[in-house]
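# Commentary on secondary and tertiary structure
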Amino acid sequence: MEFGLLSILLFGLILGFKHALEPDHVIAVSTIASRSKNLWNSSLSGVFWGIGHTFTLFVFGLIVIGLKQEISDPVAMSLEFIVGIVLVYLGISNVFLKERKTHSHHRNGATSYWKSTLLGLVHGLAGSAAMVLLTMSTVHTIWEGAIYIIIFGIGTCVGMLLFTTVLGVPFVFSNKGVTVNALFTKITGSISILFGIYYMYNIGINDGLFKIWI
């Protein structure tokens, strides 16, 4: 493998790590990780988000690259708008979350993994337009694009793993203090709601998506 391609892949790994820590990603995963009752579940929720995110980028991205097409701005913005809706939904579910003590830790963990994966799929779809443009500008063949997206995905998984591990610490240690833990969870949910509304407003009004729809 050429040194130039190795440099590109290293760059993709770093970008993937940085990409995982974008505000909408961090806030969305926070709403799920905040419900975890142990640090292991919290950490893995970030990894599963990265897996879902990478899967969508890989499949959708390679199809578009293979067809040598571009994703139109209206479609890209509409997909981003869906992320805002999801953020509001996750926030509301956290604010009005009722603890179900009958659920086992295993079941709670499995549920959070599925939610994290689905959330990653949505974020991956929303970010596919930018990923395709970036990949097409840095690689020359579709197999190089596939490797680049996978390396990028590994970076996002590592970044989100570290973030959710750090995030999970205060929630896990406050688990015995039900009032404090519930307060942390509701604060996380409130932030997600506010950011989701801002996110939709920015795309719909400032970027002109509503005018395109109308």
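Residues numbered from 1 in each chain as written. Predicted model: local features only at pLDDT ≥ 70, side-chain atom pairs only at ≥ 80, totals over all residues. Heavy atoms only, no water.

Named according to an unreviewed UniProt entry, the protein chain is Urease accessory protein UreH originating from Niallia hominis.

What follows is about the environment of Phe210. Positionally, Phe210 belongs in helix 9 (residues 209-213). Placed 136 residues apart in sequence, Phe210 and Pro74 show a C-alpha to C-alpha distance of 9.8 Å. Excluding anything up to four places from it in sequence, Phe210 contacts Phe81, Met200, Gly204 and Ile205. (Helix = DSSP H or I, 4+ residues; strand = E, 2+ residues; numbered from the N terminus. Contact = heavy atoms within 4.5 Å.)

Together, Leu10, Leu13, Ile14, Phe17, Leu21, Ile150, Ile154, Val158 and Leu162 give the surface a local cluster of nonpolar side chains, amounting to about 740 Å² of exposed area. Of all elements in the fold, only helix 1 (3-20) and helix 7 (142-173) reach the threshold of two or more residues within the nonpolar patch. Tracing the chain through its elements places Leu162 in helix 7. (Patch = residues over 30% accessible without salt bridge, like charges linked within 9 Å, V, L, I, M, F, W, Y side chains within 5 Å. Areas by Shrake-Rupley, 256 points an atom, 1.4 Å probe, with all protein chains shown as cover. Salt bridge = Lys/Arg side-chain N within 4 Å of Asp/Glu carboxyl O.)

What follows concerns the nonpolar core. Among the nonpolar cores identified, the biggest contains 26 residues, and Trp49, Leu87, Leu119, Met160 and Ile203 are the most heavily contacted of them. Breaking this core down by element, the ones donating at least two residues are helix 2 (23-33), helix 4 (73-95), helix 5 (105-126), helix 7 and helix 8 (178-206). Here this core gets 7 residues from one element, more than from any other, and that element is helix 4. The residues contacting Leu119, other than those within four sequence positions of it, are Ala28, Val29, Ile32, Trp49, Val86 and Leu90. (Core = buried A, V, L, I, M, F, W, Y, C linked by side-chain atoms within 4.5 Å. Buried < 20%, exposed > 50% of the residue type's maximum accessible area, 1.4 Å probe, protein only.)

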